[in-house]
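# Descriptive analysis of the structure
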Amino acid sequence: MSDTCSFVFSDELLKYKFGNHHPFDQFRLKLTVDLLEKMNALFSEDIIAPRIATDDELALIHDLSYIEAVKKAGNGQLPKEIGENYGLGTEDTPVFPNMHEASALLVGGTLTAVDQVMTGKALHALHLGGGLHHGFRGKASGFCVYNDSSVAIKYLQEKYNARVLYVDTDAHHGDGVQWSFYDDPNVCTLSIHETGRYLFPGTGNVNERGQGLGYGYSFNLPVDAFTEDESWLYAYTHALREVAEFFKPDVILTQNGADSHYLDPLTHLSATMKIYREIPRLAHEIAHQYCNGKWIAVGGGGYDIWRVVPRAWALIWLEMTEKSNCYGSLPKQWVDFWQNESPVDLPKEWDDPENLYTPIPRKAEITEKNRLTLEKALYPIRSQQKSESV
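In what follows, the accompanying structure is described. Starting from 1, residues in each chain are numbered consecutively following that chain's sequence as written. The predicted origin of the model limits local features to residues at a pLDDT of at least 70 and limits the giving and counting of side-chain atom pairs to 80 or more, whereas totals for whole chains, interfaces and linings rest on all residues. Excluding hydrogens and water, the side-chain figures rest on all heavy atoms present in the structure.

## Regarding the overall build of the protein
The secondary structure content of the protein amounts to 12 helices and eight strands. For a compact globule of 390 residues, the expected C-alpha radius of gyration is about 21 Å, and the protein comes in at 20 Å, within 12% of that figure. For the protein, the spread of C-alpha atoms along the principal axes amounts to about 60 × 50 × 45 Å. Considering the protein as a whole, with its 390 residues, one finds that 59% of them fall into the buried category. When contacts within the protein are restricted to residue pairs at least 6 apart in sequence, those whose partners lie at least 24 apart make up 79%. Taken together, the 35 basic and 53 acidic charged side chains of the protein have centroids lying 2 Å from each other. Labels follow the DSSP assignment, with helices taken as runs of H or I lasting at least four residues and strands as runs of E lasting at least two, numbered in each case from the N terminus. This radius of gyration counts C-alpha atoms alone. The globule rule is 2.2 Å times how many residues there are, raised to the power 0.38. For each residue, the accessible area found with a 1.4 Å probe, counting protein chains only, is set against the maximum for its type, and the residue is called buried under 20%, exposed over 50%, and partly exposed in between. We call two residues contacting when some pair of their heavy atoms lies within 4.5 Å. Neither His nor the chain ends contribute to the count of charged residues, in which Lys and Arg are positive and Asp and Glu negative. Each charge is placed at NZ for Lys, CZ for Arg, CG for Asp and CD for Glu.

Next up, the structure:
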């Protein structure tokens with residue numbers, strides 16, 4: 001197994017674009033790549049170009065009729081009323097030219113990362129263009145046309161016969177991936193997200209545990225709105241360690257949405273850059289503990305593309321390449337260059353200031369509520385361990 005790391009990227013990934021005023025903006029990829037390059041942490045030899053997923057690969061998860069509808073939509077040939085039945089042409093997922101080609105490239109990027117790791121060309125692989133976890137078998141949803149993580153997991157099963165642990169730290173529940181493998185005992189999904197009480201997609205309750213043979217292999221941690229770093233990290237750390245020990249995966253696939261941050265405009269959590277240091281650090285640890293290091297990471301949500309996403313996503317690559325001990329100032333060259341285009345003042349430091357937001361008045365109540373949620377989520381594992389020890 002190689003000890004190198006692969007970074008899957010090309011400018012073609014920026015063609016997945018719903019419009020200039022849509023919150024999903026892949027320009028964040030460019031900002032992240034430039035940040036890493038300006039700090040001499042990413043080089044041309046690290047970068048692997050994504051390939052386009054074939055129709056057969058997309059059909060591992062998606063209905064052929066849906067794939068055809070996406071192709072027609074991108075060519076301007078899909079009637080509006082039919083498109084809406086497929087979730088295409090909605091406010092969340094508007095139609096754009098060559099939609100199929102751009103979406104299939106995102107899926108192919110994640111498959112490229114999978115092959116890099118599973119063939120031993122790289123120990124870890126990162127594809128920040130992926131992580132579109134809301135797409136369903138026959139319907140687009142939540143800015144996601146095709147579900148690259150679901151396709152990748154099925155691909156991992158069929159090509160490499162792998163048991164996959166999927167870990168989703170996006171503020172929005174990873175519903176599309178969960179439902180794709182809800183009855184499969186060889187895929188374990190763990191999602192920590194803001195409660196769906198006030199946030200799309202409204203799913204991800206603790207009692208969503210799987211069905212049939214897959215019962216007990218879906219884990220959900222819906223944390224309360226305004227959750228802060230300490231409570232979030234307590235839940236994430238305990239859950240990931242215990243779920244990994246329970247499942248013992250062959251490979252770990254992490255979805256790294258960066259929208260739990262306080263500054264994100266679409267969510268209601270109060271996390272800071274502290275969690276984005278710990279998320280990849282623990283994933284890295286788990287990968288080496290259970291998977292001989294095999295770790296594939298993708299992007300996801302993240303809608304403050306200037307102040308949050310580049311820092312959060314850069315830390316994943318820095319962790320993979322064991323250069324994560326970066327504190328203090330961001331590269332001045334990066335800040336000065338992009339400040340001319342940014343509509344907000346860019347951060348100058350890796351970490352957030354202590355006074356990023358005013359104290360949350362319900363902190364103790366939120367913390368206790370999240371602790372109880374964690375206990376409920378892990379109850380099946382803990383009760384099994386208790387019975388085995390008797």
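## Overview of the packing of aromatic side chains
Think of it this way: a Phe, Tyr or Trp ring, Trp meaning its six-membered ring, pairs with another when their centres are within 6.5 Å, and the plane angle makes it stacked under 30 degrees, edge-to-face over 60, tilted otherwise. In total, this model carries 21 aromatic pairs according to the counting rule given. Look at Tyr-217 and Phe-246: their rings are 5.6 Å apart centre to centre, the planes differ by 35 degrees, and that puts the pair in the tilted class. Here Phe-246 lies in helix α8 (residues 229-247) and Tyr-217 lies in the loop between β5 (187-194) and β6 (218-223), a separation of 29 residues in the sequence. Here Phe-246 falls in the partly exposed class, since its relative accessible area comes to 27%. Ring pairing ties together the aromatic residues Tyr-16, Phe-18, Phe-24, Phe-96, Phe-143 and Tyr-303, which thus form one cluster. Only Lys NZ and Arg CZ are tested; either one counts as a charge over a ring when it is within 6 Å of the ring centre and within 35 degrees of the ring normal. In this arrangement the basic side chain of Arg-28 is found over the ring face of Phe-24, its NZ or CZ atom lying 4.6 Å from the centre.

## Focus: the pairing of strand β4 (residues 164-168)
For β4, a buried count of five out of five residues is recorded, marking the element as mostly surrounded by other parts of the structure. Between the parallel elements β4 and β5, the chain passes through helix α7 (residues 175-180) in a crossover that is right-handed. For two strands to be treated as a pair, DSSP must find at least two bridges joining them. As paired strands, β4 and strand β7 (residues 251-255) are joined by five bridges and run parallel to one another. Bridging from a neighbouring strand, Leu-165 pairs with Ile-252 of β7. If you view a crossover with the strands going away from you and the path from the first strand over the helix to the second runs clockwise, you call it right-handed.

## Details of the sheet that holds strand β2 (residues 47-48)
Across the sheet, eight strands lie side by side as β2-β1-β3-β8-β7-β4-β5-β6; this open sheet has parallel pairing. Two strands bound the open sheet, and with one partner strand each, they are β2 and β6. Across six bridges, the pairing between β5 and β6 is parallel. In the sheet register, His-193 faces β6, and the bridge partner there is Pro-222.

## Topic: the pattern of salt bridges
For this analysis, a salt bridge means a side-chain nitrogen from Lys or Arg found within 4 Å of a carboxyl oxygen belonging to Asp or Glu. For the structure shown, the criterion picks out 22 salt bridges. A salt bridge links Arg-382 to Glu-242; the nearest nitrogen and oxygen atoms lie 2.8 Å apart. Highlighted residues: Arg-382 in helix α12 (residues 363-389) and Glu-242 in helix α8, separated in sequence by 140 residues. Owing to a relative accessible area of 28%, Arg-382 belongs among the partly exposed residues under this scheme. Residue Glu-242 is classed as buried on the basis of its relative accessible area, which comes to 18%. As a salt-bridge pair, Arg-311 and Asp-352 come within 2.9 Å of each other at their nearest N and O atoms. Of this pair, Arg-311 sits in helix α10 (residues 309-320) while Asp-352 sits in the loop between α11 (332-339) and α12, and the two are 41 residues apart along the sequence. Just as Arg-311 is buried, Asp-352 falls in that class too. Look at the salt bridges and you will find they share partners, linking Asp-224, Arg-362, Glu-365 and Lys-369 into a network.

## Describing the packing of helix α1 (residues 27-38) against α11
Fitted lines through C-alpha atoms give the axes, limited to the stretch in contact for helices. The angle between two N-to-C directions lies from 0 to 180 degrees. With their axes 9 Å apart at the nearest point, α1 and α11 run at an angle of 150 degrees to one another. Across the interface between the two elements, Phe-27, Leu-31, Asp-34, Leu-35 and Lys-38 of α1 pack against Gln-333, Trp-334 and Trp-338 of α11. Amino acids are sorted into nonpolar (Ala, Val, Leu, Ile, Met, Phe, Trp, Tyr, Cys and Pro), charged (Asp, Glu, Lys and Arg) and polar (every other residue, Gly among them). Of the residues contributing to the contact of α1 with α11, the split by class is five nonpolar, one polar and two charged.

## What about the nonpolar core?
Nonpolar core, defined: a set of buried Ala, Val, Leu, Ile, Met, Phe, Trp, Tyr and Cys residues in which side-chain atoms within 4.5 Å join the residues together. Residues Phe-7, Tyr-16, Leu-88, Leu-165, Tyr-236 and Ile-252 are the most contacted members of the largest nonpolar core, which totals 120 residues. The element contributing the most residues to this core is helix α5 (residues 99-118), with 11 residues. Not counting residues within four places of it along the chain, the set of residues in contact with Tyr-236 comprises Val-167, Thr-169, Ile-192, Glu-278, Ile-279, Leu-282 and Ala-283.

## Details of unusual backbone geometry
Geometrically, the link from Phe-200 to Pro-201 is a cis peptide bond, its omega value of 0 degrees lying close to zero. Residue position: Pro-201 is located in the loop between β5 and β6. Despite not being glycine, Asn-161 shows a phi value in the positive range, around 50 degrees. Looking at the element boundaries, Asn-161 is found in the loop between α6 (148-160) and β4.

## Describing the environment of Gln-211
For Gln-211, the location among the structural elements is in the loop between β5 and β6. Through-space distance from the C-alpha of Gln-211 to that of Tyr-182 is 6.0 Å; in sequence the pair is 29 residues apart. Once residues lying within four places of it in the same chain are set aside, the contact partners of Gln-211 are Tyr-182 and Asp-183.

## Quick notes on the environment of Ala-244
Mapped onto the fold, Ala-244 is located in helix α8. Distance in space between the C-alpha atoms of Ala-244 and Tyr-290 is 7.6 Å, their sequence separation being 46 residues. Other than its neighbours up to four places away in sequence, Ala-244 contacts Leu-165, Pro-249, Ile-286 and Tyr-290.

By themselves, these observations are geometric and do not establish any function.
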